Amino acid sequence: ENCEAFVKVADLMLAAGLNVPQVLDWQREHGFMLLTDLGQHTWMQQLDASQPQQYLGDFGRAIDALIDWQSASQAQVLPPYDQALLMRELQLFPDWYVAQHRGLTLSDAERQTLDQAFATIVARNLSVPQVYVHRDFMPRNLMLPTDPQEQRLGVLDFQDAVHGPITYDIASLMRDAFISWDEAFVLDVTVRYWERARQKGLLGTGELSTDFGLFWREVEWMGLQRHLKVAGIFARLGLRDHKPKYLADTPRFMAYIRATCSRYRELFPLLRLIDRIEGQANVSGYAFGRV
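Computed from a predicted structure; not experimentally measured.

S.K.: Describe in detail the overall build of the protein chain, supporting the description with residues and values.
M.R.: When helices and strands are counted, the protein chain shows 10 helices and six strands. Its C-alpha atoms give the protein chain a radius of gyration of 19 Å, within 12% of the compact-globule value 19 Å for 291 residues. Principal-axis analysis of the C-alpha atoms places the extent of the protein chain at approximately 55 × 45 × 40 Å. Across the protein chain, every contact between residues at least 6 apart in sequence was considered, and the portion connecting residues at least 24 apart equals 75%. In the form shown here, the protein chain has an accessible surface area of approximately 13,400 Å², with 48% of it arising from carbon and sulfur atoms. Across the protein chain, the centroid of the 29 positively charged side chains sits 4 Å from that of the 36 negatively charged ones.

S.K.: Tell me what's going on with the packing of aromatic side chains, and back it up with residues and numbers.
M.R.: Taken as a whole, this structure holds 19 aromatic pairs when the rule is applied. Ring centres 5.8 Å apart and planes at 55 degrees place the aromatic pair Trp221 and Tyr264 in the tilted group. Here Tyr264 lies in the loop between helix 9 (250-261) and helix 10 (268-278) and Trp221 lies in helix 8 (residues 212-239), a separation of 43 residues in the sequence. On the basis of relative accessible area, Trp221 is assigned to the buried category, the value being 0%. On the basis of relative accessible area, Tyr264 is assigned to the buried category, the value being 11%. Members of the aromatic cluster, connected to one another through ring pairs, are Trp43, Tyr55, Phe59, Trp181 and Phe185. Sitting over the face of the ring of Trp221, Arg124 holds its NZ or CZ atom 4.5 Å from the ring centroid. Its guanidinium or amino end placed over the ring of Tyr81, Arg135 lies 5.2 Å from that ring's centre, counting from NZ or CZ.

S.K.: Give a description of the environment of Leu247 that names residues and reports values.
M.R.: Position of Leu247 relative to the elements: it lies in the loop between helix 8 and helix 9. Taking C-alpha positions, Leu247 is 9.4 Å from Ile233, a pair spaced 14 residues apart along the chain. If near-sequence neighbours (up to four positions away) are discounted, Leu247 is found in contact with His101, Phe234, Ala235 and Gly238.

S.K.: I'd like to hear about the layout of surface pockets, residue by residue, with values.
M.R.: Put simply, the largest pocket is a space of about 490 Å³. In terms of lining residues, the largest pocket is bounded by 21 residues, among which Arg135, Asp136, Asp157, Asp160 and Ile233 are the most central. Taken together, the elements giving at least two residues each to the lining of the largest pocket come down to helix 3 (83-90) and helix 8. Sort the elements by how many residues they give to the lining of the largest pocket and helix 8 lands first, with six residues. The residue inventory of the lining of the largest pocket, partitioned by class, reads 10 nonpolar, three polar and eight charged. Counted as a void, the second largest pocket has a volume near 190 Å³. Together, 16 residues line the second largest pocket, and Asn19, Asp37, Leu38, Glu150 and Arg152 are the ones closest to its centre. Classifying every residue of the lining of the second largest pocket by side-chain character gives seven nonpolar, five polar and four charged.

S.K.: Quick rundown of helix 9? Include the residues and the values.
M.R.: For the α-helix, the turn length of 3.6 residues means that residues three or four positions removed from each other point alike. Compared with an ideal rise of 1.5 Å per residue, which puts 12 residues at 16 Å, helix 9 spans 16 Å between its outermost C-alpha atoms and is within 8% of the ideal. Every buried residue belonging to helix 9 is among Thr250, Arg252, Phe253, Met254, Tyr256, Ile257, Arg258, Ala259, Thr260 and Cys261, and all of these are buried. Packing partners of the buried residues in helix 9 comprise helix 4 (92-101), helix 8 and helix 10.

What counts and how
Residues numbered from 1 in each chain as written. Predicted model: local features only at pLDDT ≥ 70, side-chain atom pairs only at ≥ 80, totals over all residues. Heavy atoms only, no water. Helix = DSSP H or I, 4+ residues; strand = E, 2+ residues; numbered from the N terminus. Rg over C-alpha atoms; globule rule 2.2 N^0.38 Å. Contact = heavy atoms within 4.5 Å. Areas by Shrake-Rupley, 256 points an atom, 1.4 Å probe, with all protein chains shown as cover. Lys, Arg positive; Asp, Glu negative; His and termini not counted. Charge placed at Lys NZ, Arg CZ, Asp CG, Glu CD. Phe/Tyr/Trp six-rings, centres within 6.5 Å; stacked < 30°, edge-to-face > 60°. Buried < 20%, exposed > 50% of the residue type's maximum accessible area, 1.4 Å probe, protein only. Lys NZ or Arg CZ within 6 Å of the ring centre and 35° of its normal. 1 Å grid on protein atoms, 1.4 Å probe; cavity = no way out; pocket = protein on both sides within 12 Å on 5 of 7 lines; lining within 4 Å. Points joined across faces, edges and corners; volume = space filled by probe spheres on them. Nonpolar A, V, L, I, M, F, W, Y, C, P; charged D, E, K, R; others polar. Expected span 1.5 Å × (residues − 1).

So, to be careful, I would describe these as geometric facts and stop short of saying anything about function.
Here it is as structure tokens:
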């Protein structure tokens, strides 16, 4: 296996002060690595969505890692999370979720609706400051420290890191693929992250750094891109790779998608299309909570 990206990103994260597996030795030609061990217990194994407040400290540690990672950002070091890549990811939704999982063929008008929505989503995603992006920053990839002297959460699964929208990793953390939090808690943690990011100068000097409401909207639009992509990925994992457990989590993503689409007029056509894909009648609004 080609481990070039893993080794490169591990070095970048270690230099940024993150708690990551250290590459002690690497046999490049065969892909073998000797790594330090961060333990056997992911943060995800501890979480209970019905008791969110008890995890504020851990979410604070996750934010610390994220801010340190983003503060180390440099352009042209990691691959760009650009329009082409964002669009390729979105295409997984019609290719795998709609066509393969739902067995539907979109009409020309429906495909146009989807294409217009994708273009709008990507334009919004690219309008925010660009930083290092882990790309799967969530509790399943964060480790509880085994050393009582170690306060930092361990960070795993970072080999696909890119340079892209600052909103991506906080959206990934708070709109998780495998656990859903009440919106009040999501807002609480997100505003804590926003305060830290603006203090570090990561949000620039424009409205994004002074208006949390604007930042929240951009996080929602970034989350929408991720949810559409992951719905496609989970369908592919279930159908192509014979891992049906992932399909069981797709209702969570459809709830995320509906919640965002119902709030922004530009996304109403996409919301109606999602309802047709899911075989549901239009309703006036959607609750955002535990699924």
